[in-house]
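Fold and geometry: a report
Residues per chain, in single letters:
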Amino acid sequence: AIDVPVDPEEEAFRRELAALQAKADALQAQLDDLDRDLSIAAESYNAASERLAQVRAELETTKADLESAQTAYAIQQELLDKRATSIYREGDLAMVELLLDSKSFADLIARVKFMNTMGVHSADLAKQLEVQRDQIARTAAELAAAEQEATSLEFELNARKREIELRISDREEMLRRVDSDILALLLQQDQARRAEEAELLAEILAGASERGVAVVPGTPVETALAYHGVPYLWGGATPAGFDCSGLVLYVFAQHGVQLPHYSGAQFLMGEKVDVADLQPNDVVFFGSPVHHVGIYIGGGYFIHAPRTGDFVKVSLLAARKDFAGARRFAWQTRTAPFAGMDQISPNVNHNVGIQLDR
């Protein structure tokens, strides 16, 4: 074998490149961890938002029920009081007159029974009023508890929002501290990754039937694929930006299915589907507790809005190690044009993953 002399400059360049790549990989790993935590925090924020909206609706209902019950109670109490006053003032005389007016012994017995029935009925009314009074007290207690829960949820919501803002700030600061060479390498790698993912999608769609991917016109899969490339945005539920549950909510709303903006709540709805029975248009969930969601397109692929710095894209289901389950919703075929497509930037596919999208 002939020993080829190593160019010292080339060897130094390779070592420098390897060191640069190692630093870039370490930074990307940190960003991945931060983005994963951010996704979990974002879904926790969505959960608190959904619960707060529900509690506020319950509050309004409970307030209305309490007002109605109090009004009905006051009216019935007033009538019963007037009746009691009348009996107190004229009861004995009325009883005597009623008995003296009897035409026969049988008529007398009938009149006595009638007076007894009237007395029993009054007692029943009083008892009913007591039940109503107790129900009013319970409703008032439920109202106070709901108001306290709403206050707690508002506090939690603000805390979650602050947590997300701090994590985004950490992300920005982390990128600001990065050497320009490392940042340039990350940008280059991210653009290459996006190009590969665009090619993958084109390849999947070109051989959809062979791969088991079903892009049938008017289905949720077709609708979701129309938003491929839209940037991830926490709390986003429009084509200006989606988070994971916002994408699923927005897509299925165009197919007659109303879903909450929280993956954990979506996971509790629909028909449970085993992974072996997955079909295109089923919704797949990830994490424990559930904090990520996407739409199965067939062939082992699903479309989702992964996390901050990323965009709506197609991924392999097998690449996720935290699959939690799947649900099937009774969706309707979409006949209207895609909703909100005018909000999508024509260059949305060129957004760079390590740039902040909020």
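Up top is the structure.
Residues numbered from 1 in each chain as written. Predicted model: local features only at pLDDT ≥ 70, side-chain atom pairs only at ≥ 80, totals over all residues. Heavy atoms only, no water.

Right, let's talk about the pairing of strand 6 (residues 301-304) for a bit. Here strand 6 shows a buried face lined by Tyr 301 and Ile 303 and a second buried face lined by Phe 302 and His 304. Bridge count for strand 5 (residues 292-298) against strand 6 is 3 bridges, and the pairing is antiparallel. Paired with Tyr 296 across the bridge in strand 6 is Phe 302. Taking the residues between adjacent antiparallel strands as the criterion, strand 5 and strand 6 are bridged by 2 residues, where Gly 299 takes a positive phi near 65°. The sheet contact formed by strand 6 and strand 7 (residues 313-316) spans 4 bridges and is antiparallel. Within strand 7, the residue paired with Tyr 301 across the bridge is Leu 316. (Buried < 20%, exposed > 50% of the residue type's maximum accessible area, 1.4 Å probe, protein only. Helix = DSSP H or I, 4+ residues; strand = E, 2+ residues; numbered from the N terminus. Pairing = 2+ DSSP bridges.)

Here we take up the side chain of His 292. Counting through the fold element by element, His 292 comes out in strand 5. Polar side-chain contacts of His 292 include one of 2.8 Å to the side chain of His 304. (Polar contact = N/O pair within 3.5 Å; in protein donor to acceptor, adjacent residues only side chain to side chain.)

Turning our eyes to something else, we now look at the pattern of salt bridges. Applying the stated rule across the entire model yields 10 salt bridges. Two residues, Glu 149 and Arg 51, come together in a salt bridge whose shortest N-O distance is 2.9 Å. Of the two residues, Glu 149 sits in helix 2 (residues 105-176) while Arg 51 sits in helix 1 (residues 8-100), which places them 98 residues apart along the sequence. The exposure class of Arg 51 is partly exposed, given its relative accessible area of 27%. Linking Glu 197 and Lys 313 is a salt bridge whose minimum nitrogen-to-oxygen distance equals 3.1 Å. With Glu 197 in helix 3 (residues 180-206) and Lys 313 in strand 7, this residue pair connects regions lying 116 residues apart in the sequence. (Salt bridge = Lys/Arg side-chain N within 4 Å of Asp/Glu carboxyl O.)

Turning our attention to the packing of aromatic side chains. Here the distance between the centres and the angle between the planes together describe a pair of aromatic rings. By the definition in use, this model includes 8 aromatic pairs. Taking the centre distance of 5.0 Å and the plane angle of 35° together, the rings of Phe 286 and Phe 302 count as tilted. In this pair, Phe 286 sits in strand 4 (residues 283-286) while Phe 302 sits in strand 6, placing the two residues 16 residues apart along the sequence. You'll find Phe 286 and Phe 302 in the same group, each marked buried. (Phe/Tyr/Trp six-rings, centres within 6.5 Å; stacked < 30°, edge-to-face > 60°.)

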